[in-house]
Amino acid sequence: MNQELTNTYRPLGVVSDSAYARLMRNVYAWMAMALVVTGMAGYYVANQPSILQMLFGNQIVFWGLVIAELAIVIGLSAAINRISFAVAAVMFAVYSLLNGVLLSSIFLVYTMESIVSVFFITAGTFGAMAVVGSFIKRDLSTMGRVLIMALIGVIIATIVNIFLQSSGLTMVLNYAGVLIFTGLTAYDAQKIKRMLQQAGTEVNETTMKIALLGSLSLYLDFINLFLYLLRIFGNRR
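Residues numbered from 1 in each chain as written. Predicted model: local features only at pLDDT ≥ 70, side-chain atom pairs only at ≥ 80, totals over all residues. Heavy atoms only, no water.

K.L.:
I'd love a proper account of the overall build of the protein, names of residues and values included.
P.N.:
When its secondary structure is counted, the protein shows 10 helices and zero strands. Ordered by position from N to C terminus, the α and β elements of the protein give α-α-α-α-α-α-α-α-α-α. Here the C-alpha radius of gyration of the protein, 18 Å, is about what a compact globule of 237 residues would show, namely 18 Å. Dimensions of the protein, computed from C-alpha atoms along their principal axes, come out at roughly 50 × 35 × 30 Å. Looking at the protein as a whole, 45% of its 237 residues qualify as buried. For the protein, the exposed area adds up to about 12,300 Å²; of that, 69% sits on carbon and sulfur atoms. (Helix = DSSP H or I, 4+ residues; strand = E, 2+ residues; numbered from the N terminus. Rg over C-alpha atoms; globule rule 2.2 N^0.38 Å. Buried < 20%, exposed > 50% of the residue type's maximum accessible area, 1.4 Å probe, protein only. Areas by Shrake-Rupley, 256 points an atom, 1.4 Å probe, with all protein chains shown as cover.)

Structure, rendered in structure tokens:
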């Protein structure tokens, strides 16, 4: 998705300081709102036995939601030029809602205390790396490409481990996931900053959609970092 953002929008000028500041605030505000929607949806579903039964007791429903999530992310990135900002925002909101529904299982597997503590650990780590990415002068593009390749490797290894059921490999993959998404947070933060600085001279439909997709990227970084940390530090019920 990050590469698509780069290809979709070409530099139009240098954004003004006030417009840039507003767009950056929007990036993190939208990400925070998406996290709130995800958390509230997950907690609500976790306390509704009938919904849980329908969700996790019916493979068609479960995989249907998974496919719907993937379709939204792919569709949002691919169709960003053809849809309005309002439609894109609704798609992001729906995605965060569906993600919360699917992540409701963590409230059943882990204690609330550990979920909250890991959330704050994630927030601190994410915040620090976002600051690093936003202010570091070194170009992180090479690091980002390496991390994306490493992520592909982790995904493949995770699929293989479904059959191997190796607890040792699971732990290695969890720590690798933390390192990858910690680095990707800094990389995405820097990339979003540069794209917004070069996207245009004002806050308009185009720059708002760039900010929204940037928010989605950071949201995904946060969620994945949280899940990997939870697998390491979370206390099971």
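K.L.:
Account for the nonpolar core, with residues named and values stated.
P.N.:
Ranked by internal contacts, the top residues of the largest apolar core, which has 67 residues, are Ile106, Leu196 and Tyr219. The element that contributes the greatest number of residues to this core is helix H10 (residues 205-233), accounting for 17 residues. (Core = buried A, V, L, I, M, F, W, Y, C linked by side-chain atoms within 4.5 Å.)

K.L.:
Give me the packing of aromatic side chains: which residues, what numbers.
P.N.:
Here the structure, examined in full by the defined rule, presents 11 aromatic pairs. Note on Phe62 and Trp63: the rings are 5.3 Å apart at their centroids and 85° apart in plane angle, and the pair reads as edge-to-face. Residue Phe62 is classed as partly exposed on the basis of its relative accessible area, which comes to 22%. Looking at Trp63, the relative accessible area reads 47%, which means it is partly exposed. Note on Phe92 and Tyr219: the rings are 5.8 Å apart at their centroids and 80° apart in plane angle, and the pair reads as edge-to-face. (Phe/Tyr/Trp six-rings, centres within 6.5 Å; stacked < 30°, edge-to-face > 60°.)

K.L.:
Describe the environment of Gly177, naming the residues involved and giving the relevant values.
P.N.:
If you trace the backbone, Gly177 turns up in helix H9 (residues 167-199). According to the relative accessible area criterion, Gly177 is buried, its value standing at 1%. Separated by 124 residues in the primary sequence, Gly177 and Gln53 have C-alpha atoms spaced 30 Å apart.

K.L.:
Break down the side chain of Asn161 for me, with residues and values.
P.N.:
Mapped onto the fold, Asn161 is located in helix H8 (residues 141-164). In terms of polar contacts, Asn161 uses its side chain to reach the backbone amide nitrogen of Ser166, at 3.0 Å. If we skip the residues at most four places from it in the chain, Asn161 touches Ser166, Leu169 and Thr170. (Polar contact = N/O pair within 3.5 Å; in protein donor to acceptor, adjacent residues only side chain to side chain. Contact = heavy atoms within 4.5 Å.)

K.L.:
Which residues make up helix H7 (residues 112-135), and what values go with them?
P.N.:
Side chains that are three or four residues apart share a direction in an α-helix, a result of its 3.6 residues per turn. The end-to-end C-alpha separation of H7 is 35 Å, in line with the 34 Å expected for 24 residues at 1.5 Å each. For H7, the complete set of buried residues consists of Ser114, Ile115, Val118, Thr122, Phe126, Ala130, Gly133 and Ser134. (Expected span 1.5 Å × (residues − 1).)

K.L.:
Provide a residue-level description of the pattern of salt bridges, including the pertinent values.
P.N.:
Opposite charge on two side chains permits them to pair, given that their charged atoms come into close proximity. Under the counting rule described, the total for this entry stands at one salt bridge. Notably, a salt bridge pairs Arg194 with Asp139, separated by 3.2 Å at the nearest N-O pair. Placement of the pair is Arg194 in helix H9 and Asp139 in the loop between H7 and H8, with a sequence separation of 55 residues. (Salt bridge = Lys/Arg side-chain N within 4 Å of Asp/Glu carboxyl O.)

K.L.:
So what about a nonpolar patch on the surface? Which residues, and what values?
P.N.:
Taken together, the side chains of Tyr43, Met112, Val116, Phe119 and Phe120 present a nonpolar region at the surface, about 470 Å² in accessible area. At four residues, the largest contribution of residues to the nonpolar patch is made by H7. (Patch = residues over 30% accessible without salt bridge, like charges linked within 9 Å, V, L, I, M, F, W, Y side chains within 5 Å.)

K.L.:
So, helix H4 (residues 59-78): which residues are in play, and what are the values?
P.N.:
Taking 1.5 Å per residue, 20 residues should reach 28 Å; H4 reaches 28 Å between its end C-alpha atoms and fits that length. Leu65, Glu69, Ile72, Val73, Leu76 and Ser77 are the residues of H4 that are buried. Buried residues of H4 fall within an arc of 120° about the axis and therefore sit on the same side. Those residues of H4 that are exposed and aimed more than 90 degrees away from the buried face are Gln59, Ile60, Ile67, Leu70 and Ile74. Near the N-terminus of H4, the side chain that reaches the backbone nitrogen of Ile60, with its oxygen 2.9 Å away, is that of Asn58. (Arc of directions from axis to C-beta.)

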